[in-house]
Amino acid sequence: MFSRLFKTCDDVGHLGLKKWIALKAANELYKERIANHPLWCLIWECTLRCNLHCRHCGSDCRAQCVHPDMPAEDFFRVLDSISPHIDKDNFAVALAGGEVLLRQDLHEIGVEIQKRGYPWTFVTNGLLVTDEKLAELCEIGLSAVALSLDGPEEIHNDIRQNPRAFECAVNALHSLVNCKQLKDFDVITCVTPALLPKLPEFRDFLIANGLTKWRLCTISPMGRAVNQPDLLLNGRHTRQLLDFIVQTRKEGKIHAEFNCDGFTGKYEGEVRDYFYQCEAGITTASILIDGSISACNSMRYNHTQGNIYKDDFMDVWNNRFVKYRDRSWTKKGKCADCEMYSFCLGNGMHLYDDDDNLLRCDYYDMKYDK
């Protein structure tokens, strides 16, 4: 009993009483979601083709892709099969790539999603975004867009390996700002060591160009980024990034938020509008390019749970995904004796390698990289 009491006191000391209580309450709600696993978001990896060759691409996408695009009718067959089992007022379809705008049948896809009454979204590098294209897609139910923009021109073009990438992304930002039909949009920025000292200047640039919502994220050592150590943040870098987000949120000129990259310890409740909890396999599922059923399209292939070409999607959703919903297997390595484990449960599932070992942990790195 006393050891448990001392551990609780230690946890409170790390977080402060108010935050500790809030995290405990959030955990209870998370347990309910795990038990009920309501499907709120279905991600469709509809293409792996891309018109860029980014240094940090986790999917190693390219112009000539080995795997062809999934036929739209295959996805809609699955979408129709799950419709009786979801709350249509709390459900969205997210198209993922590759570059989604490369699909020649995107208009038809949007029409079919809208017919079924669901909002849909996608992430883009901006190269193919125009005022006309956005207006067309908004007419058929497009509700939100996330634009990738990774810093000032020199940094962005270096990461994206294209001399026009920054110009096209900024033009896309202007189109998003001016699109009155679009309900929501934001910019996602992958923060690198090179960008850190330029974050205030870049933030002011985004504000001046009309952006109101900004997501900042780190890069994990997966895909092409495995061989790009200059793109990865260490613990000191991550603290600097989170301090910047906290300060930016206090100033209130733009809504900045740390992406769902992982648990942040004392920064929880200050860098996001929510406490971190991995929703992969809890409220979020994905259908990958080959039909594999996964949780988030950032997952490794050994974390897939079935395939739409041989399994019933809802049967897989309800009866598999055990490793996502019982995270006890993650209490090893860095997590074995971590005082924050009860809150983060081993961090995000996308941070595990093919052998189920944790690739990185922001909380651990910040704690030990002084």
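Anything mentioned here points back to the structure above.
The structure contained in this document is the topic of the report that follows. (Residues numbered from 1 in each chain as written. Predicted model: local features only at pLDDT ≥ 70, side-chain atom pairs only at ≥ 80, totals over all residues. Heavy atoms only, no water.)

1. Looking at the pairing of strand 4 (residues 142–148)
Now for step 1: Taken across its 7 residues, strand 4 has 7 buried, putting it largely inside the fold.
Now for step 2: Viewed along the sheet, the connection from strand 3 (residues 120–124) through helix 5 (residues 131–138) into strand 4 turns out right-handed.
Now for step 3: Where strand 4 meets strand 5 (residues 184–190), 5 bridges bridge the pair, whose relative direction is parallel. Residue pairing for strand 5: Ala144 is matched across the bridge by Asp184. (Buried < 20%, exposed > 50% of the residue type's maximum accessible area, 1.4 Å probe, protein only. Helix = DSSP H or I, 4+ residues; strand = E, 2+ residues; numbered from the N terminus. Right-handed = clockwise from strand over helix to strand, strands pointing away. Pairing = 2+ DSSP bridges.)

2. Observations regarding the environment of Glu32
Now for step 1: Looking at the secondary structure, you find Glu32 in helix 2 (residues 17–36).
Now for step 2: Spatially, the C-alpha atoms of Glu32 and Leu95 are 27 Å apart, while their sequence positions differ by 63 residues.

3. Examining the side chain of Gln305
Now for step 1: Summarising the element assignment, Gln305 is placed in the loop between strand 9 (292–294) and strand 10 (306–307).
Now for step 2: A polar contact is formed between the side chain of Gln305 and the backbone nitrogen of Phe321, at a distance of 2.9 Å. (Polar contact = N/O pair within 3.5 Å; in protein donor to acceptor, adjacent residues only side chain to side chain.)

4. Focus on unusual backbone geometry
Now for step 1: Of note, the amide linkage connecting Gly97 to Gly98 takes the cis form, showing an omega dihedral of 10 degrees.
Now for step 2: Structurally, the position occupied by Gly98 is in the loop between strand 2 (92–96) and helix 4 (106–115).
Now for step 3: In this model, Gln161 sits at a positive phi of 55 degrees, which is unusual for a non-glycine residue.
Now for step 4: Notably, Asn347 is not glycine yet its phi reads approximately 75 degrees, a positive angle.
Now for step 5: Among the structural elements, Asn347 can be located in the loop between helix 12 (341–344) and helix 13 (362–368).

5. What about the sheet that holds strand 4?
One key point about sheets: their strands pair by backbone hydrogen bonds, in either a parallel or an antiparallel sense.
Now for step 1: As summarised here, the arrangement of the 10 strands in space is 7-6-5-4-3-2-1-8-9-10, forming an open sheet in which the pairing is mixed. Lying at the two open borders of the sheet, with one neighbouring strand each, are strand 7 (255–258) and strand 10.
Now for step 2: One ladder, built from 2 bridges, connects strand 9 with strand 10; its direction is antiparallel. The partner of Ser292 across the bridge, within strand 10, is Asn307.
Now for step 3: Of the strands in this sheet, strand 1 (41–45), strand 2 and strand 3 are in contact with helix 4, which crosses strand 2 at around 165 degrees.
Now for step 4: The strands touched by helix 8 (residues 199–208) within the sheet are strand 5 and strand 6 (213–217), with strand 6 carrying the most contacts at an inclination of about 150 degrees. (Contact = heavy atoms within 4.5 Å. Axes fitted to C-alpha atoms, helices over the stretch in contact; angles between N-to-C directions.)

6. Quick word on helix 6 (residues 153–160)
Now for step 1: Residues of helix 6 that are buried: Ile155, His156, Asn157, Ile159 and Arg160.
Now for step 2: Against the buried residues of helix 6 lie strand 4 and helix 7 (165–178).
Now for step 3: Note on helix 6: the residue one or two positions beyond its end, Gln161, has a positive phi of about 55 degrees.

7. Brief notes about the packing of helix 8 against helix 9 (residues 235–251)
Now for step 1: Their axes nearest at 11 Å, the elements helix 8 and helix 9 cross at an angle of 40 degrees. In terms of orientation, helix 8 and helix 9 fall into the oblique class. In this structure, helix 8 meets helix 9 at a crossing whose hand is right-handed. Taken together, the residues of helix 9 that come into contact with helix 8 (itself represented by Leu199, Pro200 and Arg203) are Leu241, Phe244, Thr248 and Glu251.
Now for step 2: Looking at the contact of helix 8 with helix 9 residue by residue, the classes come out as 4 nonpolar, 1 polar and 2 charged. (Parallel < 35°, antiparallel > 145°, perpendicular 65-115°, else oblique. Left-handed = near helix turned anticlockwise from the far one by under 90°. Nonpolar A, V, L, I, M, F, W, Y, C, P; charged D, E, K, R; others polar.)

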